[in-house]
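# Residue-level structural notes
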Amino acid sequence: MSEEYRAMWKELGINMKRHDALLAALPAIYEQVYLSQQGRPQAMGFYDFVVSEIHGLRVKELMEHKAKGGKVFGTFCVYVPEEVIVAAGGICVGLCGGADFSVPTAEQILPRNLCALIKSAVGFKLGNICPYFQASDLIVGETTCDGKKKTWEILDEYIPTYVMDLPNSRTPADRELWIAELKRFIGKVEAVTGNKVTPEKLAAATTLINGKRAALARLFALRKARPAPISGLDALLVVQISFYDDPARFTQKTNELCDELEARVKSGQGVADKNAKRILYAGTPMPIPFWTIPAVIEGTGAVVVAEESCTGTRLLAGGQTTIPGNDLDDQLAAIADRQLQTNCACFTPNDARVEDILRMVKEYEADGVIHFSLSFCQPYNLEGMRVQQALHKAGVPALLLEGDYTEEQAGRLKTRIEAFIETL
Ligand code: BJ8
């Protein structure tokens, strides 16, 4: 990495020794998992470039934004409305952690029996190894699972952390509460940025984010084709990058990728044989660089055709946000109504998630479902049992897994996944 980046990381207070160790490990892993794949779309070159610059170019853009007085907001959940942050002139970056590297650091202040996603993210802050965390002016947490809820109280001691109070049910009263919470959030974002969120600005920001959502929806629709035009690994990478790249650039590049995939579908070109087993992933999000599950599945010759996850179709739940004229209250209600269709396991009841999975099995012509939950994630672990029952009742083969980001777990998961795919 260039001297310019090193100076930038030092300015951000990065622990250079640990950061060097982290970045040194990535190229070999990326080569092995991603670049060794056969028949990748050419347009994946952009996403390869983004990964090669993972702590470089985008962080530089954030720093340029900050130098002009702009603010950066670090988030952990799709319920935090990016539209509102963009409308106030802010930049939103998703900070979920997907690396085991930072987990031991987090365990100095967090209990071991907490999901790896939370520990990984907190460890990145505690160890000063993530420039996105370091560049954030405000962390926006939310009351989803208990693990996150209580972690925000601790994280606030290290970096200013604001918490959005998301109801755990979706009654009409809960909807009103969430709309009120979105309004409170606007007040906070305005205070941090010094910019007013006007209906015009919110409409423009919603249009921008709708563009990103439409490009991703296009990608998922194309994955329904047989043979699959793109690997699950590549599709996951695109989604992971959507959480932190510039929204306009990301939309353009993802539409270019979709153009190429459309041509592939028309000519019957795929990344796997048309008779390859098609797997639907369901479960907890897979933040960058947690690629184990699709890597193992696709290592068997099967292909992941979709992810029912917040790094998958749950991110797109509710489709486009409608922009009902120039009234801020109506706009917030439209954002809430779109968001509340995201069937996170933190809600009770959450029957629609099981229905989503059954519908996706048909739409994507999946031969089997692999439900994965991070260890100690009670919402997804518990809900996984209901998902498995429903799938078995419908005659769909399903495998229930739990694990974390460690190498040992990767070996165990590999054995279980390979055995499952052989039975299909
Ligand atoms: S809307 S899935 S992004 S909360 S894996 S931290 S639930 S213990 S990530 Fe999520 Fe929003 Fe829901 Fe989506 Fe807790 Fe489970 Fe860990 Fe989780």
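Let us look at the structure shown here. All of these numbers come straight from a predicted model, not from anything done at the bench. (Residues numbered from 1 in each chain as written. Predicted model: local features only at pLDDT ≥ 70, side-chain atom pairs only at ≥ 80, totals over all residues. Heavy atoms only, no water.)

Moving on, we come to the overall build of the protein chain. Tallying secondary structure elements over the protein chain gives 18 helices and eight strands in all. For 424 residues, the compact-globule estimate of 2.2 N^0.38 gives 22 Å, and the protein chain sits close to it at 21 Å. Taking the principal axes of the C-alpha coordinates as reference, the protein chain spans close to 55 × 50 × 45 Å. Here the protein chain holds 424 residues, and 58% of them are scored as buried. In the protein chain, the share of contacts with a sequence separation of at least 24, taken over all contacts with a separation of at least 6, comes to 74%. Only carbon and sulfur atoms are counted for the fraction: they give 54% of the accessible area of the protein chain, which is about 16900 Å². The distance from the centre of the 46 positive side-chain charges to the centre of the 53 negative ones in the protein chain is 1 Å. (Helix = DSSP H or I, 4+ residues; strand = E, 2+ residues; numbered from the N terminus. Rg over C-alpha atoms; globule rule 2.2 N^0.38 Å. Buried < 20%, exposed > 50% of the residue type's maximum accessible area, 1.4 Å probe, protein only. Contact = heavy atoms within 4.5 Å. Areas by Shrake-Rupley, 256 points an atom, 1.4 Å probe, with all protein chains shown as cover. Lys, Arg positive; Asp, Glu negative; His and termini not counted. Charge placed at Lys NZ, Arg CZ, Asp CG, Glu CD.)

Now for the pairing of strand β5 (residues 278-283). Here is the key point about a regular strand: its side chains alternate between the two faces of the sheet. Among the six residues in β5, six count as buried, and that is most of the element. Of the two faces of β5, the one lined by Arg278, Leu280 and Ala282 and the one lined by Ile279, Tyr281 and Gly283 are each fully buried. Here five bridges tie β5 to strand β6 (residues 303-308), and the two strands are oriented parallel to one another. Bridged to Tyr281 within β6 is Glu307. (Pairing = 2+ DSSP bridges.)

At their nearest, the axes of helix α3 (residues 44-52) and helix α13 (residues 247-267) sit 9 Å apart, and the two run at 140° to each other. Overall, the two elements α3 and α13 adopt an arrangement that is oblique. Where α3 approaches α13, its residues Met44, Phe46 and Tyr47 are matched on the opposing element by Arg249, Phe250, Lys253, Thr254 and Leu257. In terms of residue class, the contact of α3 with α13 is built from five nonpolar, one polar and two charged. (Axes fitted to C-alpha atoms, helices over the stretch in contact; angles between N-to-C directions. Parallel < 35°, antiparallel > 145°, perpendicular 65-115°, else oblique. Nonpolar A, V, L, I, M, F, W, Y, C, P; charged D, E, K, R; others polar.)

In this chain, Ile288 is followed by Pro289 through a cis amide linkage whose omega measures 0°. With respect to the helices and strands, the residue Pro289 is situated in the loop between β5 and α14 (292-299). Residue Thr348 is joined to Pro349 through a cis peptide bond whose omega torsion reads -5°. Unlike most non-glycine residues, Glu365 shows phi in positive territory, near 50°. Tracing the chain through its elements places Glu365 in the loop between α16 (351-363) and β7 (368-374). Judged by relative accessible area, which is 40%, Glu365 ranks as partly exposed. Its identity as a non-glycine residue notwithstanding, Phe376 has a phi of 75°, on the positive side.

This brings us to the pairing of strand β1 (residues 72-75). Here β1 shows a buried face lined by Val72 and Gly74 and a second buried face lined by Phe73 and Thr75. Where β1 and strand β2 (residues 91-94) come together, four bridges link them in parallel fashion. Residue pairing across strands places Val72 opposite Ile91, the latter belonging to β2. Crossover β1 to β2 through helix α5 (residues 82-87) is right-handed. The pairing of β1 with strand β3 (residues 138-142) spans three bridges and is classified as parallel. Opposite Gly74, over in β3, you have Ile139 as the bridge partner. (Right-handed = clockwise from strand over helix to strand, strands pointing away.)

Turning to the layout of surface pockets, a few remarks are in order. In this structure, the second largest pocket encloses a volume near 320 Å³. Those elements that place two or more of their residues in the lining of the second largest pocket are α11 (199-222) and α16. Top contributing element to the lining of the second largest pocket by residue count: α16, with four residues. Residue classes in the lining of the second largest pocket are distributed as seven nonpolar, five polar and six charged. (1 Å grid on protein atoms, 1.4 Å probe; cavity = no way out; pocket = protein on both sides within 12 Å on 5 of 7 lines; lining within 4 Å. Points joined across faces, edges and corners; volume = space filled by probe spheres on them.)

Right, let's talk about the state of the cysteines for a bit. Using the criterion set out here, one finds zero disulfides in the structure. Among the cysteines around Cys346, which has no disulfide bond, Cys344 carries the closest sulfur, lying 3.5 Å off. (Disulfide = S-S within 2.5 Å.)

On to the site of the ligand. Taken together, the neighbourhood of the ligand is formed by 16 residues, with Cys77, Cys145, Cys310, Cys344 and Cys377 sitting nearest. Across the shell around the ligand, the residue classes break down as 12 nonpolar, two polar and two charged. (Near = heavy atom within 4 Å.)

This next bit is on the pattern of salt bridges. Summed over all chains, the structure comprises 34 salt bridges. Across the pair Arg386 and Asp351 runs a salt bridge, and its minimum N-O distance is 3.2 Å. In this pair, Arg386 sits in helix α17 (residues 378-393) while Asp351 sits in helix α16, placing the two residues 35 residues apart along the sequence. The exposure class assigned to Arg386 is partly exposed, which follows from its relative accessible area of 45%. Each of Arg58, Glu61, Asp245 and Arg249 takes part in one network of salt bridges that share partners. (Salt bridge = Lys/Arg side-chain N within 4 Å of Asp/Glu carboxyl O.)

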